[in-house]
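For reference, the chains in residue letters:
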Amino acid sequence: MEFNLADLFEQAVDHFPEREAVTCAVADGPAVQRRSFAELEERANRLAHHLSEAGVGPGDRVGVYALNRAEWVESLLAICKIRAVCVNVNYRYVADELAYLLGMAEPVVLIYQERWADRVAQVAPGLPGLRHLIVIDDTTTEPAGGPEGAEPTGAAGLEGSAGSAGSAALAAVPFEKAVASGGSQRDFGPRSPDDHYLLFTGGTTGLPKGVVWRQEDVFFALGGGIDVTTGHRMATPEEIVGTAYDNPLTFFPIAPLMHGATQWGLMQQLFRGNRAVLLDRFEPQRVWQLVESERANIVMITGDAMGRPLVEALDDPDTGFDLGSFMGLVSSAALFSTPVKQRFLERFPTLYLSDAIGSSEGGAGGISQGAAAADGSGDGVTTKAIGDSEVVDDELNPLPPGVVGRLARRGNVPLCYLGDPVKSAEVFRTGPDGLRYSVPGDWARREEDGRITLLGRGSSCINSGGEKIFPEEVESVIKSHAGVYDTVVVGAPDERWGETVVAVVQARPGVGELTLPQLQEHCRAHLAGYKVPRRLHLVAEVQRTPTGKPDMRWAKSVAAAD
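About the cut-offs
- Residues numbered from 1 in each chain as written.
- Predicted model: local features only at pLDDT ≥ 70, side-chain atom pairs only at ≥ 80, totals over all residues.
- Heavy atoms only, no water.
- Helix = DSSP H or I, 4+ residues; strand = E, 2+ residues; numbered from the N terminus.
- Buried < 20%, exposed > 50% of the residue type's maximum accessible area, 1.4 Å probe, protein only.
- Contact = heavy atoms within 4.5 Å.
- Areas by Shrake-Rupley, 256 points an atom, 1.4 Å probe, with all protein chains shown as cover.
- Core = buried A, V, L, I, M, F, W, Y, C linked by side-chain atoms within 4.5 Å.
- Phe/Tyr/Trp six-rings, centres within 6.5 Å; stacked < 30°, edge-to-face > 60°.
- Expected span 1.5 Å × (residues − 1).
- Pairing = 2+ DSSP bridges.
- Right-handed = clockwise from strand over helix to strand, strands pointing away.
- pLDDT = per-residue confidence, 0-100.
- 1 Å grid on protein atoms, 1.4 Å probe; cavity = no way out; pocket = protein on both sides within 12 Å on 5 of 7 lines; lining within 4 Å.
- Points joined across faces, edges and corners; volume = space filled by probe spheres on them.
- Axes fitted to C-alpha atoms, helices over the stretch in contact; angles between N-to-C directions.
- Parallel < 35°, antiparallel > 145°, perpendicular 65-115°, else oblique.
- Polar contact = N/O pair within 3.5 Å; in protein donor to acceptor, adjacent residues only side chain to side chain.

### So, the overall build of the protein chain
Turning to step 1, where the next piece is worked out: Counting secondary structure elements, the protein chain contains 15 helices and 28 strands.
Turning to step 2, where the next piece is worked out: Counting the 562 residues in the protein chain, one finds 58% classified as buried.
Turning to step 3, where the next piece is worked out: Taking the intrachain contacts of the protein chain between residues at least 6 apart in sequence as the baseline, contacts between residues at least 24 apart amount to 69%.
Turning to step 4, where the next piece is worked out: For the protein chain, the computed accessible surface area is about 21,400 Å², with 50% contributed by carbon and sulfur atoms.

Next up, the structure:
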């Protein structure tokens with residue numbers, strides 16, 4: 001076998017067929033979907049055969065456009081089994097954004113949830129390469145009668161009609177009918193570590209970009225091929241099941257599967273025989289209900305956008321969840337501030353914290369674990385470097401400790417950005433050592449002890465009078481103010497300094513009016529004077545993506561509205 005995603009999953013199926021693999025719940029009710037490894041394998045095989053019979057082959061792209069549910073997982077696995085490429089579709093997109101993403105991705109098949117049928121109907125006529133649609137019924141939580149059962153209720157009447165896609169030529173096949181039509185056998189040909197994996201970024205500062213990886217490279221960059229604690233690199237694919245526990249862990253990634261952190265949180269657990277719990281939409285009380293009922297051990301969040309409402313949901317005196325199974329909290333892909341971490345530790349003194357840095361383009365760059373994850377000292381998130389992470393100058397030479405440069409990864413890096421050779425040449429480069437590097441642009445500093453401090457988003461760095469100001473550092477300080485619920489810090493044009501620091505703040509209800517002088521006084525106790533916000537915009541709600549990242553386009557428009 002190879003370092004190939006389908007191979008790694010099938011290996012786990014052969015070792016742990018009876019274990020429960022995924023449990024999928026909804027935010028507004030008690031319904032759940034459950035799949036053992038064997039059931040997940042059978043349904044993915046059947047869907048894979050249906051896709052093959054529809055003409056999908058190696059390298060073809062298949063879009064998945066749905067909330068977190070078992071069909072998302074089955075679709076991802078089925079696509080990988082036939083060496084096709086999964087396209088993660090952001091369900092928050094309006095029609096124009098959806099048309100842009102699908103126009104770039106050029107899927108031959110789109111698997112979508114019924115609730116977005118009208119939006120699919122709008123964009124499908126503009127996608128000449130799209131030749132097959134599969135619709136997931138909104139109302140089913142379990143397969144209707146098994147693989148040979150009836151069509152799901154919500155999808156009845158879609159096939160052969162124009163209702164789901166705008167033309168009879170693209171009539172949608174109900175998901176359960178697609179599964180029922182395919183054979184359950186695992187009779188696929190050999191796969192390759194060179195098979196592609198595609199991950200579209202969220203587009204927080206611009207239009208989304210598709211990052212194209214070799215599957216072997218992305219496994220080592222994001223999929224657990226390198227042990228983040230010991231640095232051990234797996235020598236063979238067979239080695240991964242040797243890391244499995246006799247009593248499997250239950251892992252609960254909360255963000256949408258359209259986000260890379262949750263896809264890889266899921267796959268890392270499946271490859272090792274662990275169970276993943278998924279929730280269709282983030283709702284704090286429902287998260288804690290599931291931690292209790294499913295005995296979840298580790299919860300994965302994307303920074304404060306999920307962490308703060310989660311921990312505050314436990315402040316209700318009527319809350320009485322049994323959370324004895326809850327051992328660890330993992331954050332990735334967004335700022336997880338020290339004040340929020342400390343609130344978790346106050347409530348769960350023995351909780352194991354982990355805060356990871358990385359990107360869709362660079363993979364996992366560093367991780368802070370245990371007590372160090374809640375350390376609020378310094379001017380950024382300081383982490384243990386993972387794999388081949390480095391801090392480099394503009395010519396890709398490693399920088400000495402204490403010098404600020406760009407966070408980079410060498411070795412297992414993406415092939416390119418889909419359809420963007422100019423951006424690919426900027427980010428994926430060959431260094432003086434002859435190795436390929438991924439340099440997405442984040443600012444960082446190597447410490448004397450070898451750890452890496454991530455200072456801020458490269459594209460959002462504020463240059464005020466020649467001084468670099470990293471938004472995450474300022475945001476973390478602002479969030480420690482008692483009157484602040486959430487914030488995004490951006491730069492705005494300034495005649496004297498070029499740019500000035502602007503705080504877009506969602507105030508905490510019931511604590512009185514928050515003013516700019518109050519905020520500045522608080523910040524001056526923790527930050528150099530040039531980093532202190534010069535403007536304050538109070539908003540009803542800080543807008544973020546479904547994965548918790550700030551919507552930078554929105555924040556900049558607010559900051560510019562003077």
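After that view of the structure, there is still more to cover.
### A short note on the nonpolar core
Considering soluble globular proteins, one finds that nonpolar side chains tend to be buried as a cluster.
Turning to step 1, where the next piece is worked out: Counting residues in each nonpolar core, the largest one holds 66 residues, and the members touching the most others are Leu47, Leu51, Val73, Leu270 and Phe271.
Turning to step 2, where the next piece is worked out: At eight residues, the largest contribution of residues to this core is made by helix α3 (residues 70-81).
Turning to step 3, where the next piece is worked out: Residue contacts for Leu47: discarding those within four places in its chain leaves Glu74, Ser75, Ala78, Ile111, Ile134, Phe175, Ala178 and Val179.
Turning to step 4, where the next piece is worked out: Counting 30 residues, the second-largest nonpolar core is a separate cluster that includes Leu98, Leu102, Val135 and Met258.

### Structural notes on unusual backbone geometry
Turning to step 1, where the next piece is worked out: Although it is not a glycine, Arg83 sits at a positive phi angle of roughly 65°.
Turning to step 2, where the next piece is worked out: Tracing the backbone through its elements, the reader meets Arg83 in the loop between α3 and β4 (85-88).
Turning to step 3, where the next piece is worked out: Although it is not a glycine, Arg295 adopts a positive phi angle of roughly 55°.
Turning to step 4, where the next piece is worked out: Its place among the elements puts Arg295 in the loop between α9 (284-293) and β12 (298-301).
Turning to step 5, where the next piece is worked out: When its relative accessible area of 35% is taken as the criterion, Arg295 is described as partly exposed.

### Quick notes on the packing of aromatic side chains
Turning to step 1, where the next piece is worked out: For the structure on display, the rule yields 15 aromatic pairs.
Turning to step 2, where the next piece is worked out: Where Phe219 meets Phe271, the ring centres are 6.3 Å apart and the plane angle is 55°; that geometry is what we call tilted. Here Phe219 is found in helix α7 (residues 215-222), whereas its partner Phe271 is found in helix α8 (residues 260-271), with 52 residues between them in sequence.
Turning to step 3, where the next piece is worked out: Ring geometry for Phe336 against Phe344: centres 6.4 Å apart, planes inclined by 70°, an arrangement best described as edge-to-face.
Turning to step 4, where the next piece is worked out: A relative accessible area of 2% means that Phe336 is categorised as buried.
Turning to step 5, where the next piece is worked out: On the basis of relative accessible area, Phe344 is assigned to the buried category, the value being 0%.

### Let's talk about helix α2 (residues 37-53)
Turning to step 1, where the next piece is worked out: Helix length check: α2 (17 residues) gives 24 Å between terminal C-alpha atoms against 24 Å at 1.5 Å per residue, within 8%.
Turning to step 2, where the next piece is worked out: Here α2 lies mainly inside the structure; twelve of its 17 residues are buried.
Turning to step 3, where the next piece is worked out: Taken residue by residue, α2 has Phe37, Leu40, Glu41, Arg43, Ala44, Asn45, Arg46, Leu47, Ala48, His49, His50 and Leu51 as its buried positions.
Turning to step 4, where the next piece is worked out: Two residues or fewer past α2, Gly55 is found with a positive phi of approximately 95°.

### Considerations on the pairing of strand β13 (residues 328-332)
Turning to step 1, where the next piece is worked out: For β13, the buried fraction is high: four of the five residues fall into the buried class.
Turning to step 2, where the next piece is worked out: Pairing between β12 and β13: four bridges, direction parallel. Bridging across to β13, Ile298 finds its partner in Gly328.
Turning to step 3, where the next piece is worked out: With respect to chirality, the unit in which β12 leads through helix α10 (residues 304-313) into the neighbouring parallel β13 is right-handed.

### A word on the environment of Val277
Turning to step 1, where the next piece is worked out: Note that Val277 resides in strand β11 (residues 275-279).
Turning to step 2, where the next piece is worked out: Accessibility expressed as a relative area gives 1% for Val277, which makes it buried.
Turning to step 3, where the next piece is worked out: Val277 sits 243 residues away from Arg34 along the chain, and the two C-alpha atoms are 9.3 Å apart.
Turning to step 4, where the next piece is worked out: Residues in contact with Val277, not counting those within four places in the same chain, are Thr23, Thr250, Phe251, Phe252, Pro253 and Glu294.

### Re the confidence of the model for the protein chain
Turning to step 1, where the next piece is worked out: In the predicted model, the protein chain carries a mean pLDDT of 86, and 88% of its residues have values of at least 70.
Turning to step 2, where the next piece is worked out: When the criterion is pLDDT under 50, residues 142-168 qualifies, and its contacts beyond four places in sequence or with other chains add up to 59 contacts.

### Examining empty space enclosed by the protein
The probe, sized like a water molecule, is rolled over the atoms to show the empty space still left.
Turning to step 1, where the next piece is worked out: With the rule as written, the count across this model stands at two cavities of 30 Å³ or more.
Turning to step 2, where the next piece is worked out: For the second largest cavity, the calculated volume is near 40 Å³.
Turning to step 3, where the next piece is worked out: Around the second largest cavity, the lining residues are Leu5, Leu76, Cys80, Ala84, Val85, Cys86, His196, Tyr197, Leu198 and Gln215.
Turning to step 4, where the next piece is worked out: Mapped by element, the contributors of at least two residues to the lining of the second largest cavity are α3, β4 and β8 (196-200).
Turning to step 5, where the next piece is worked out: The leading source of residues in the lining of the second largest cavity is β8, at three residues.

### Quick notes on the packing of α3 against α8
Turning to step 1, where the next piece is worked out: Between α3 and α8, whose axes approach to 12 Å, the crossing angle comes to 75°. On the basis of their axis angle, the class for α3 and α8 is roughly perpendicular. Contacts between α3 and α8 involve Trp72, Val73 and Leu76 from the first element and Gln263, Leu266, Met267 and Leu270 from the second.

### Notes on the side chain of Asn68
Turning to step 1, where the next piece is worked out: One can find Asn68 in the loop between β3 (61-65) and α3.
Turning to step 2, where the next piece is worked out: Of note is the side chain of Asn68, whose polar atom sits 2.6 Å from the backbone nitrogen of Leu257.
Turning to step 3, where the next piece is worked out: Polar side-chain contacts of Asn68 include one of 3.2 Å to the backbone oxygen of Leu279.
Turning to step 4, where the next piece is worked out: Every residue in contact with Asn68, bar those within four places of it in the chain, is listed here: Ile254, Ala255, Pro256, Leu257, Leu278, Leu279 and Asp280.

### A word on the pairing of strand β1 (residues 20-25)
Turning to step 1, where the next piece is worked out: For β1, a buried count of five out of six residues is recorded, marking the element as mostly surrounded by other parts of the structure.
Turning to step 2, where the next piece is worked out: Sheet analysis places β1 next to strand β2 (residues 32-36), joined by five bridges and oriented antiparallel. Bridge assignment links Glu20 to a residue of β2, and that residue is Ser36.
Turning to step 3, where the next piece is worked out: Hairpin connection between β1 and β2: a loop of six residues separates the two successive antiparallel strands.
Turning to step 4, where the next piece is worked out: Sheet topology places β1 next to β11; four bridges connect them, and they run parallel.

### Comments concerning the sheet that holds strand β28 (residues 535-538)
Turning to step 1, where the next piece is worked out: In spatial order, the strands read β26-β27-β28; together these three strands make up an open sheet with mixed pairing. Each of the sheet's edge strands pairs with one partner strand only, and the pair in question is β26 (484-494) and β28. Strand-to-strand twist across the sheet, computed as the mean angle between neighbouring axes with direction ignored, equals 25°.
Turning to step 2, where the next piece is worked out: Of the strands in this sheet, β26, β27 (498-507) and β28 are in contact with helix α14 (residues 516-524), which crosses β28 at around 120°.

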